[in-house]
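Structure at a glance
This is what each chain is made of:
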Amino acid sequence: MRPDILNPLFAEISLFKGIGPALARPLERLGLARAVDVAFHLPVSWVDRHLTDRLDMADAGRVVGIELTPVDYRASGSARAPFRVDAVDRYGNHVALVYFGKNSGWPRKLLPLGEPKYISGKLEAYGDTLQIVHPDVLAPEDAHMLPAREPVYGLSEGLTNNRMRDLVGQALTRAPELPEWIEPSLLARKDWPAWREALARVHADPADAMARARLAYDEIFAGQLALMLVRQSSRRRRGVPIQGDGRLRDMLKLPFAPTGAQRRATAEIEGDMAQATPMLRLLQGDVGSGKTLVALMALLNAVEAGMQGAMLAPTEILARQHYETLRKMASGLPIAIAILTGRDKGKAREATLMGLADGSIDILVGTHAIFQEAVQYKALGLAVIDEQHRFGVAQRMMLASKAERSPHLLVMTATPIPRTLTLTYYGEMEVSRLDEMPPGRQPIQTLVMAATRLDEVVEALARHVEGGGQAYWVCPLVEESETSDQAAAEMRAESLRERFGARVGLVHGRMKGPDKDAAMEAFAANRTQILVATTVIEVGVDVPNSSLIIIEGADRFGLAQLHQLRGRVGRGDKPSTCLLLRGNALGETSRARLALMRETNDGFRIAEADLELRGAGEVLGTRQSGEAALKVATPEHVAALVDSARDDAHLLIERDGGLDSARGQAARTCLYLFEKDAAVGLLRGG
Ligand code: ADP
Ligand code: MG
């Protein structure tokens, strides 16, 4: 149970003062639901406001705070020119306060002539006059409300920085003093403040690196501690040593020979599975490197030894695809492979559950449904998790509860995760890398084009399809809602159908399951040649004959996502092309992203660049799932602090494995603060 002291922090944000329905949506978009979310919504930057009383001493280009008196209005002649308020400081220096937009009513109301006001905004030189565009205006006695250093928060439409500051203030009043969990000598050495003080300090001064480092450390420490608790409990549970005799694997009729990397990974996995300690291994391989075959080998190893295997996919589409792939690869083998997803109901589901319980099903593929309460295995020996990022500590525990002895665990990911991050997320997990692509792969040529050249793109698509090729057409992410994603995809499919008729298929996240399957199947069987899709095709979908991918609105995707999407092609023996369509007004970051995509196919380089351009959470794709995302710590923090956090956590567990001492109790509070409830649950009597 979460300690009472944390309750005020976990109160719903709807209890805050001044939260109306208009704020619900913007807050939800930022993932701010409870006081704790707001408390950890740390400022991303700040403005230093130059507080002065004379304009001739202020620097143009900086944000100033100054008392001014409006002396004249300059309504403009033309409708498009702005409305100007001429104002003077107390030494008679002039500045124009500039308002764009038709209505001059509200600047007049806000700035009555002759009434001194406290004005803040960016001072700009415009010709030989000074101006401030759309300044903040306060009564002089409220000047203190604009501090010299003002934190700037991440916002979403409908939410202003001032509003956010108010919410943060309310969250801070709910933040209690917490018992100290950091090892005293470390705390002293770093000269870090206590938790509550550190939090208040970062919100008051976003540049306070020491206070930030403390908060980051807490988060990394909680992560390390949680991992160790999971490991400790899985060590307590013994696994089953599994050693297949190879009889099933020898029967496989593969159209290709495994790569050296696939052989090595397979051998490492067999070695782990032969141990009584449950395997905890991460299989890393770029898109298309052939992870599925390695998974199959491991699954067959378990089945040969009389055990069952389960394979978990993150989405319905992927689960179906894996099911088909495994069945195809294993055709002719005397084994039973079944599928179970949330969609399987009634008799079929009952039959599958029976088969799992009596052992007549050897391998089960599916979505999270396969580890739910009602699903009982006769002898689950191995679980394979494809695309790690939606699988966290809580799921791992659910899995452990599926068998008397802990199953071996193989986690597969296409995201090349830098080592420091692997440590943070997986602790001492072993890693196998598929660093060699299957032979005969054709390189993917990547081109960036302006979306205004859509006609040319459609012509290129027509030539491609006439030549017997297939293509994906990925529709842009629309921020507002999932519904608009869908609408964008439907409209694109519609317009392509005018030209290509029934050759166009469509798949998006809000389609009903069977319709999705039907669309995927039609494309896989080459009954449709163009598949219009949203990002549902991002992970794992495998149609080797499709050698062209067009990504609309490419500048709105992250690097890792673009790389994943691009990985849908280049899977067959034909050279492939990836067309990135971009909007016209490109920001610096988007430009850099697209340039890098054009330059390299190397997933590792892309992941590292992504890490530089964005936070760690997004690289891992965990930002939405929330499970493993880091809220506070940056990659730099992780690199600098993970070693001492690990040592600290290790020492604590060695001395006080049940976290019963005063410091142990404080550490529990830290775990709850970062929502590692599942890990605390592993403590006996926790
Ligand atoms: P990923 O690592 O992205 O999951 P897959 O397992 O889907 O990759 O494999 C990608 C493609 O490569 C599949 O079409 C698969 O049949 C093929 N493949 C896998 N291993 C080899 C190999 N050793 N030689 C040739 N093709 C292979
Ligand atoms: Mg895959």
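Residues numbered from 1 in each chain as written. Chains lettered and ligands numbered in written order. Predicted model: local features only at pLDDT ≥ 70, side-chain atom pairs only at ≥ 80, totals over all residues. Heavy atoms only, no water.

So, the environment of D656
Note the cut-off: Secondary structure elements follow DSSP: runs of H or I of four or more residues count as helices, runs of E of two or more count as strands, with numbering from the N terminus. The term polar contact refers here to a pair of N or O atoms within 3.5 Å; inside protein, the definition further demands a hydrogen-donor-capable atom paired with an acceptor-capable atom, and it admits residues adjacent in sequence only when both atoms are side-chain atoms.
With respect to the element layout, D656 can be found in the loop between helix 22 (635-655) and helix 23 (662-673). Looking at D656, its side chain comes within polar contact range of the main-chain nitrogen of D660, at 2.9 Å.

Side note on helix 19 (residues 588-599)
Three or four residues apart is the spacing at which side chains of an α-helix point the same way, because the helix has 3.6 residues per turn. Definition in use: For a helix, the expected span equals 1.5 Å multiplied by the residue count minus one. Partly exposed residues are those whose accessible area sits between 20% and 50% of the maximum for their type, while under 20% is buried and over 50% is exposed, using a 1.4 Å probe and protein chains only. Throughout, the arc means the angular range of directions from the helix axis out to the C-beta atoms.
End to end, helix 19 covers 17 Å across 12 residues, agreeing with the expected 16 Å (1.5 Å per residue, within 8%). Every buried residue of helix 19 is listed here: S590, R593, L594, L596 and M597. Down the axis of helix 19, the sector holding all buried residues measures 160°, keeping them to one side. In helix 19, the exposed residues that point more than 90 degrees away from the buried face are E588 and E599.

Looking at the site of ligand 1
Filter applied, for reference: Nearness here has a simple test: a residue counts as near a molecule or strand if at least one of its heavy atoms is within 4 Å of that partner. Only the protein chains shown count as cover for residues, and all accessible areas are computed by the Shrake-Rupley method using a 1.4 Å probe.
Q262, G288, K291, T292 and R441 are the nearest of the 16 residues found near ligand 1. One nitrogen or oxygen atom from the main chain of A257 is found 2.9 Å from a nitrogen atom belonging to ligand 1. Side-chain polar atom of Q262 to a nitrogen atom of ligand 1: 2.9 Å apart, as the coordinates give it. Considered on its own, ligand 1 offers 570 Å² of accessible surface; in the complex 84% of this is hidden by protein.

Digging into unusual backbone geometry
The backbone of H134 shows a phi angle near 40°, a positive value even though the residue is not glycine. For H134, the position within the fold is in the loop between strand 7 (129-133) and strand 8 (136-138). Of note in the backbone geometry, D191 takes a positive phi value of approximately 60° without being a glycine. Structurally, D191 can be placed in the loop between helix 5 (184-190) and helix 6 (195-204). According to the relative accessible area criterion, D191 is exposed, its value standing at 55%.

Here's the deal with the domain arrangement of the protein chain
When the parts come together, some accessible area is lost, and that loss is often what is quoted as the size of the interface. Going by this rule: Each domain's extent is set by a domain assignment, obtained either automatically or from a database. Should any heavy atoms of two residues lie within 4.5 Å, those residues are counted as being in contact. We define buried area as the total accessible area lost by two parts upon association, computed with a 1.4 Å probe and summed across both.
The assigned domain composition of the protein chain is domain 1 (1-44 + 153-176), domain 2 (46-152), domain 3 (247-434) and domain 4 (444-600). One C-alpha centre belongs to domain 1, the other to domain 2, and the line joining them spans 31 Å. Across the boundary between the two partners, domain 1 contributes 7 residues, which contact 6 residues of domain 2. At the boundary of domain 1 with domain 2, total buried surface from both sides reaches about 510 Å², with 44% on carbon and sulfur atoms. Considering only the surface of domain 1 that becomes buried against domain 2, Y153, N161 and R165 emerge as the three largest contributors, covering 67% of it.

Description of the side chain of D208
Along the chain, D208 turns up in the loop between helix 6 and helix 7 (209-236). Judged by its relative accessible area of 14%, D208 falls in the buried class. Within the structure, the side chain of D208 is placed 2.7 Å from the side chain of R201, a separation counted as a polar contact.

Brief notes about the packing of aromatic side chains
The cut-off we apply is this: Under the pairing criterion, centres of Phe, Tyr and Trp rings, with the six-membered ring standing for Trp, must be within 6.5 Å; the plane angle then separates stacked pairs below 30 degrees from edge-to-face pairs above 60, leaving the rest tilted. Our definition puts a charge over a ring when NZ of Lys or CZ of Arg is within 6 Å of the ring centre and also within 35 degrees of the ring normal.
Tallied over the full model, the rule gives 7 aromatic pairs. Here the aromatic rings of F40 and W195 are separated by 6.4 Å at their centres, their planes lie at 70°, and the arrangement is edge-to-face. Of this pair, F40 sits in the loop between helix 2 (35-39) and strand 1 (45-48) while W195 sits in helix 6; the two residues are 155 residues apart in sequence, bridging distant segments of the chain. There is no split in this pair, since F40 and W195 are both buried. Here Y472 and F523 contribute two aromatic rings whose centre-to-centre distance is 5.1 Å and whose plane-to-plane angle is 50°, an arrangement assigned as tilted. Of this pair, Y472 sits in strand 18 (residues 470-474) while F523 sits in helix 17 (residues 513-524); the two residues are 51 residues apart in sequence, bridging distant segments of the chain. Given the relative accessible area of 0%, Y472 is considered buried. Through pairs of rings, three or more aromatic residues link up here, namely F40, W195 and F674. The cationic tip of R54 hangs over the ring face of Y91; the distance from NZ or CZ to the ring centre is 4.3 Å.

Regarding the layout of surface pockets
Selection criterion: A cavity here means a set of 1 Å grid points, computed over protein atoms only, where a 1.4 Å probe fits but cannot escape. A pocket is an open set with protein on both sides within 12 Å along at least 5 of 7 lines, and lining residues have an atom within 4 Å of a point. Grid points are joined across faces, edges and corners, and a volume is the space filled by probe spheres set on the points. Ten residues, namely Ala, Val, Leu, Ile, Met, Phe, Trp, Tyr, Cys and Pro, are considered nonpolar, four, namely Asp, Glu, Lys and Arg, are considered charged, and the remaining ones, Gly among them, are considered polar.
A volume near 1500 Å³ is recorded for the second largest pocket. Around the second largest pocket, the lining is made up of 50 residues, and of these Q321, T325, D542, P544 and R571 lie nearest the centre. Contributions of two or more residues to the lining of the second largest pocket are made by helix 10 (291-304), helix 11 (316-329), helix 17 and strand 21 (546-551). If one sorts the elements of the lining of the second largest pocket by residue count, helix 11 sits on top with 9 residues. Looking at the lining of the second largest pocket residue by residue, the classes come out as 18 nonpolar, 17 polar and 15 charged.

A look at the side chain of T259
In this structure, T259 sits in the loop between helix 8 (247-251) and helix 9 (260-273). In this structure T259 comes out as buried when scored by relative accessible area, which is 5%. Those residues within four positions of T259 in sequence are excluded, and the remaining contacts are E436, M437, P438 and P439.

Focus: the pairing of strand 14 (residues 380-386)
As a reminder, the rule being used: DSSP-based pairing: two strands are paired if at least 2 bridges between them are found.
Most of strand 14 sits inside the fold, with 7 of its 7 residues counted as buried. Across 5 bridges, strand 11 (residues 308-312) lies against strand 14 in parallel orientation. Bridge pairing in strand 14 links G309 to L382. Sheet topology note: the strand 14/strand 15 (residues 408-413) ladder contains 5 bridges and is parallel. Note that in strand 15 the partner of A383 across the bridge is L409.

What to know about the sheet that holds strand 19 (residues 504-507)
What counts is decided by this rule: All axes here are fitted lines through C-alpha atoms, helices being fitted over the stretch that makes contact, and every angle between N-to-C directions spans 0 to 180 degrees.
The strand order across the open sheet built from 6 strands is 17-22-21-18-20-19, with neighbouring strands paired in parallel fashion. Edge positions in the sheet fall to strand 17 (444-450) and strand 19, since each has one partner strand and no second. Put simply, the sheet's adjacent strands are angled 20° from each other on average, direction ignored. In this structure, strand 17 lies alongside strand 22 (residues 576-582), joined through 7 bridges in parallel fashion. Opposite A450, over in strand 22, you have R582 as the bridge partner. Each of strand 17, strand 18, strand 21 and strand 22 is contacted by helix 18 (residues 559-566), which is oriented at about 150° to strand 21, the strand it contacts most. On the sheet, helix 19 packs against strand 17 and strand 22 and is oriented at approximately 150° with respect to strand 17.

Examining the sheet that holds strand 12 (residues 337-340)
Strands belonging to one sheet form pairs held by backbone hydrogen bonds; the direction of such a pair is parallel or antiparallel. Ordered by their spatial adjacency, 7 strands build an open sheet running 12-13-11-14-15-10-16, and the pairing between neighbours is parallel. Strands with a single pairing partner mark the edges of an open sheet, and in this sheet they are strand 12 and strand 16 (430-434). Averaged over neighbouring strand pairs, the angle between their axes works out to 20° when direction is ignored. Contacting strand 11, strand 12 and strand 13 (363-366), helix 12 (residues 346-358) runs over the sheet at an angle of about 130° to strand 12.

A word on helix 10
The end-to-end C-alpha distance of helix 10, which contains 14 residues, comes to 20 Å, matching closely the 20 Å that a straight helix rising 1.5 Å per residue would cover. Most of helix 10 sits inside the fold, with 13 of its 14 residues counted as buried. At the C-terminal side of helix 10, G306 shows a positive phi close to 85°.

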